[in-house]
Amino acid sequence: MAFTAGQRLTAAMLNDITVGSEQGEWTIVANLLIGTPTLINNWVPFTGAVIKGITHSAGVFTVGPAGGLYTVSLACRFTAATADRYCFVVGTGTTDTWTKSSVGSSATGLNTSVAITKRVPPNGQIRCYAYSGVASNVTHETASDLVTGVTIVREGPL
């Protein structure tokens, strides 16, 4: 954002250029059974997280009125070790997929994660999904672990 001589800096202008002015970290409150692409909808704020400018309801995160460039990081831990496992981040729904990561059924380990930096319009929405080739849980680890979890940070203006 460029300023001209004599122009007054307003709070709105400052907030629009402040990195992290909208941010949050959430974890799931309990294991969530999945088998088909499932919206993760049982998020709670991560212990000690600073949540500002982003609201959450029923699995949908809504950014503030400024919009901007956001980084979204999603990490899922599954109970099924012998199934394909996916996690993905979308905007308005599964036809608006921003990024996806998968682990094949023959791969060892239970974790899948994905991250993206994406321009989100004012009052835009972010959703996180998980999928397992066989019925499985995305798991809630201990209170001090951000797994299964999501972090959303506004990096700057549009």
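Now for a quick tour of the structure.

Thresholds applied
Residues numbered from 1 in each chain as written. Predicted model: local features only at pLDDT ≥ 70, side-chain atom pairs only at ≥ 80, totals over all residues. Heavy atoms only, no water. Helix = DSSP H or I, 4+ residues; strand = E, 2+ residues; numbered from the N terminus. Buried < 20%, exposed > 50% of the residue type's maximum accessible area, 1.4 Å probe, protein only. Contact = heavy atoms within 4.5 Å. Phe/Tyr/Trp six-rings, centres within 6.5 Å; stacked < 30°, edge-to-face > 60°. Lys NZ or Arg CZ within 6 Å of the ring centre and 35° of its normal. Polar contact = N/O pair within 3.5 Å; in protein donor to acceptor, adjacent residues only side chain to side chain. Core = buried A, V, L, I, M, F, W, Y, C linked by side-chain atoms within 4.5 Å. Pairing = 2+ DSSP bridges. Axes fitted to C-alpha atoms, helices over the stretch in contact; angles between N-to-C directions.

### What about the environment of Ala83?
Here's step 1: Along the polypeptide, Ala83 turns up in the loop between strand 7 (68–77) and strand 8 (85–90).
Here's step 2: The class for Ala83 is buried, based on a relative accessible area of 3%.
Here's step 3: In sequence terms Ala83 and Ser136 are 53 residues apart; their C-alpha atoms lie 8.8 Å from each other.
Here's step 4: Beyond its immediate stretch of four places on either side in the chain, Ala83 contacts Val103, Gly104, Ser105, Ser132, Gly133 and Val134.

### As for the packing of aromatic side chains
Here's step 1: Considering all chains together, one arrives at 4 aromatic pairs under this definition.
Here's step 2: Between the aromatic rings of Phe88 and Tyr129, the centroid separation amounts to 5.2 Å while the plane-to-plane angle is 10 degrees, which identifies the pairing as stacked. In this pair, Phe88 is assigned in strand 8 and Tyr129 in strand 11 (residues 125–132), connecting sequence segments 41 residues apart.
Here's step 3: Using a relative accessible area of 6% as the deciding quantity, one classes Phe88 as buried.
Here's step 4: Accessibility expressed as a relative area gives 12% for Tyr129, which makes it buried.
Here's step 5: Chaining the aromatic ring pairs together yields one cluster made of Trp26, Trp43 and Phe61.
Here's step 6: The ring of Phe88 carries Lys100 above its face, with NZ or CZ at 5.1 Å from the centroid.

### Here's the deal with the environment of Glu141
Here's step 1: As for its position among the elements, Glu141 is in the loop between strand 12 (136–138) and strand 13 (149–156).
Here's step 2: Glu141 gets classed as partly exposed once you look at its relative accessible area, which sits at 26%.
Here's step 3: Separated by 64 residues in the primary sequence, Glu141 and Arg77 have C-alpha atoms spaced 8.3 Å apart.
Here's step 4: Reaching out from Glu141, the side chain makes a polar contact with the side chain of Thr139 at a distance of 3.2 Å.

### Some remarks on the nonpolar core
Note on soluble globular proteins: their nonpolar side chains tend to be buried together.
Here's step 1: One finds Trp43, Leu74, Ile126, Val150 and Ile152 to be the most contacted residues of the largest nonpolar core, which totals 26 residues.
Here's step 2: Residue assignment for this core shows that the elements contributing at least two residues are strand 1 (23–28), strand 2 (32–34), strand 6 (60–63), strand 7, strand 8, strand 10 (111–120), strand 11 and strand 13.
Here's step 3: Counting residues per element, this core draws most heavily on strand 7, which supplies 4 residues.

### Let's talk about the sheet that holds strand 4 (residues 43–45)
Sheet strands pair by backbone hydrogen bonding; their relative direction is either parallel or antiparallel.
Here's step 1: The 5 strands lie next to each other as 4-1-13-7-10, forming an open sheet whose pairing is antiparallel. Bordering the open sheet on either side are strand 4 and strand 10, each of which pairs with just one other strand. Each adjacent strand pair in this sheet contributes to an overall mean axis angle of 20 degrees, direction not counted.
Here's step 2: For strand 1 and strand 13, the ladder comprises 5 bridges, and the chain directions are antiparallel. Residue pairing for strand 13: Gly24 is matched across the bridge by Ile152.

On their own, these measurements won't tell you what the molecule is for.
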